[in-house]
Amino acid sequence: MDIKSNVLRQLKNRREGFSLEQPFYIDQDYFKLDMEMIYYRDWLFIGHDCEVPRAGNYFTVQIGEYPVVIVRGRDQVIRAFHNSCRHRGSRVCSTERGSSAKLVCPYHQWTYELDGSLLFARQMAEDFDKTQYSLKPVHCESVAGYIFICLAQNAPDFAPVRAAIEPYMAPHRMSEAKVAFQSTIIEKGNWKLVWENNRECYHCAANHPELCRTFPEAPTVTGVQGAMSDPIILEHWARCEAAGLPSEFKISSDGQFRTARMPLIEGAESYTMSGQKAVKRQLASDVTMNGIGTMLLFHYPTTWNHLLGDHAISFRVLPLNAEETAVTTKWLVHKDAVEGVDYDIEELTHVWNETNDQDRRIVEENAFGIHSPAYEPGPYSEIHEGGVMQFVEWYSNFMIDRLQGDQAKLSAVA
């Protein structure tokens, strides 16, 4: 039985409400299938508009086997390209970020305009046609200051994502923010373990003392279970909606992305040890109300986010292999906020730096234990782990749909 058929069989027969079978978390062939079916075919959060504020600004990212460069053109349009020279394949941009009037391959100096078109290739044949050798484009969409890309030749429709998340994010004016600090940690665990850990706070009280000073442990805060009947959350939504801030829990029909504005612990304004604001200057000048809590944005498979009154935090999940995942965290503040005057980096980042490191250890212990020959799928808590069950359900359904679609295509060809 080939790997696709085996995975399809296991997912169709999986026990609902239980974790996945061992190979889904540790096997390299299963990982390659995840990349092929999900990361190489769907929309991925990759960064922020404010990271490329001017023409010629760019940043690079590696997604599995694909190096990609994101650049702002002279027309102010943000584009993404395969970071591979059309001459002999060398990376055109080799640094994490930079700025350049043109994109010049360091190998043989083939030179590209910021829109990807080939401008100069020295000493080629007289009949060489530059128009045939532009950088290969990658689908790129910007919404409310967030950049999403898709590596597939034919990208899924992005319109439903835009329609769902833009109203919630627009008031925070993320295009007018700046990255105050960022960090990338490597968690020695499968990307699905990273997500499963994120999707519940069953573990928070025992593992996240800093986060629990401001973030409620209540399972209703995930939104997927009980939020509609939680009086504290309902009151919070009503108050924020009255102030013009979309807040109610919304989830896509397939469960891939969702938004909701959730309250922090009473009296808390931000993720700090004191619970007070980390940044004196509001993230957006037109959001002045106190007590707005955190606007949660989730989009599988790459991002979860917290947008608060004073700053925002984005998280990006990129698998490296079956048992290593890069998690990049960025703290964003108003573009005119001044470090040392309006905010202190240690105070701004302390809670989530500690939480990230605690989660890394949790994921790595989880991954270590799953290697045991004695491991078998275990039951999730119906009270606390509804978010995890929802993620695993999304993953299973998504993979089944993709795998069955591929099989149907092969049958049609045959």
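Residues numbered from 1 in each chain as written. Predicted model: local features only at pLDDT ≥ 70, side-chain atom pairs only at ≥ 80, totals over all residues. Heavy atoms only, no water.

As named in an unreviewed UniProt entry, the chain is Rieske 2Fe-2S family protein, taken from Rhizobium miluonense. You can read under Cofactor (unreviewed entry) in the UniProt record for the chain the words "Fe cation". (UniProt positions renumbered as here; feature names shortened; annotations may be inferred.)

S.K.: How would you summarise the environment of aspartate 342 if you had to cite specific residues and measurements?
M.R.: Mapped onto the secondary structure, aspartate 342 falls in the loop between strand S17 (324-334) and helix H8 (345-370). Using a relative accessible area of 17% as the deciding quantity, one classes aspartate 342 as buried. Once the C-alpha coordinates of aspartate 342 and valine 392 are considered, the two residues, 50 residues apart in sequence, prove to be 41 Å apart. Every residue in contact with aspartate 342, bar those within four places of it in the chain, is listed here: Ala278, Val279, Lys280, Arg281, Asp336 and Ala337. (Helix = DSSP H or I, 4+ residues; strand = E, 2+ residues; numbered from the N terminus. Buried < 20%, exposed > 50% of the residue type's maximum accessible area, 1.4 Å probe, protein only. Contact = heavy atoms within 4.5 Å.)

S.K.: Give me the packing of helix H1 (residues 3-12) against helix H3 (residues 28-39): which residues, what numbers.
M.R.: For the pair H1 and H3, the least separation of the axes is 11 Å and the interaxial angle reads 85°. The angle between the axes of H1 and H3 places the two elements in the roughly perpendicular class. Across the interface between the two elements, Ile3, Lys4, Asn6, Val7 and Gln10 of H1 pack against Asp29, Tyr30, Leu33, Glu36 and Met37 of H3. (Axes fitted to C-alpha atoms, helices over the stretch in contact; angles between N-to-C directions. Parallel < 35°, antiparallel > 145°, perpendicular 65-115°, else oblique.)

S.K.: Outline helix H5 (residues 191-198), supporting the account with residue identities and numerical values.
M.R.: When you tally the buried positions in H5, you get eight out of eight residues, the bulk of the element. Burial in H5 covers these residues: Trp191, Lys192, Leu193, Val194, Trp195, Glu196, Asn197 and Asn198. One side-chain oxygen at the N-terminal end of H5 lies 2.9 Å from the backbone nitrogen of lysine 192; it belongs to asparagine 190. (Polar contact = N/O pair within 3.5 Å; in protein donor to acceptor, adjacent residues only side chain to side chain.)

S.K.: I'd love a proper account of the environment of glutamine 404, names of residues and values included.
M.R.: By the element assignment, glutamine 404 lies in helix H9 (residues 386-413). Looking at glutamine 404, the relative accessible area reads 32%, which means it is partly exposed. For glutamine 404 and glutamate 176, which are 228 residues apart along the polypeptide, the C-alpha to C-alpha distance reads 43 Å. Discounting chain neighbours no more than four positions away, the residues touching glutamine 404 are Leu8 and Lys12. A polar atom in the side chain of glutamine 404 sits 2.6 Å from the side chain of lysine 12.

S.K.: Break down a negative patch on the surface for me, citing the residues and quoting the values.
M.R.: Taken together, the side chains of Glu339, Asp344, Glu346, Glu347 and Glu354 define an acidic patch exposed on the protein surface. Relative to the helices and strands, glutamate 346 resides in helix H8. For glutamate 346, a relative accessible area of 48% corresponds to the partly exposed category. (Patch = residues over 30% accessible without salt bridge, like charges linked within 9 Å, V, L, I, M, F, W, Y side chains within 5 Å. Areas by Shrake-Rupley, 256 points an atom, 1.4 Å probe, with all protein chains shown as cover. Salt bridge = Lys/Arg side-chain N within 4 Å of Asp/Glu carboxyl O. Lys, Arg positive; Asp, Glu negative; His and termini not counted. Charge placed at Lys NZ, Arg CZ, Asp CG, Glu CD.)

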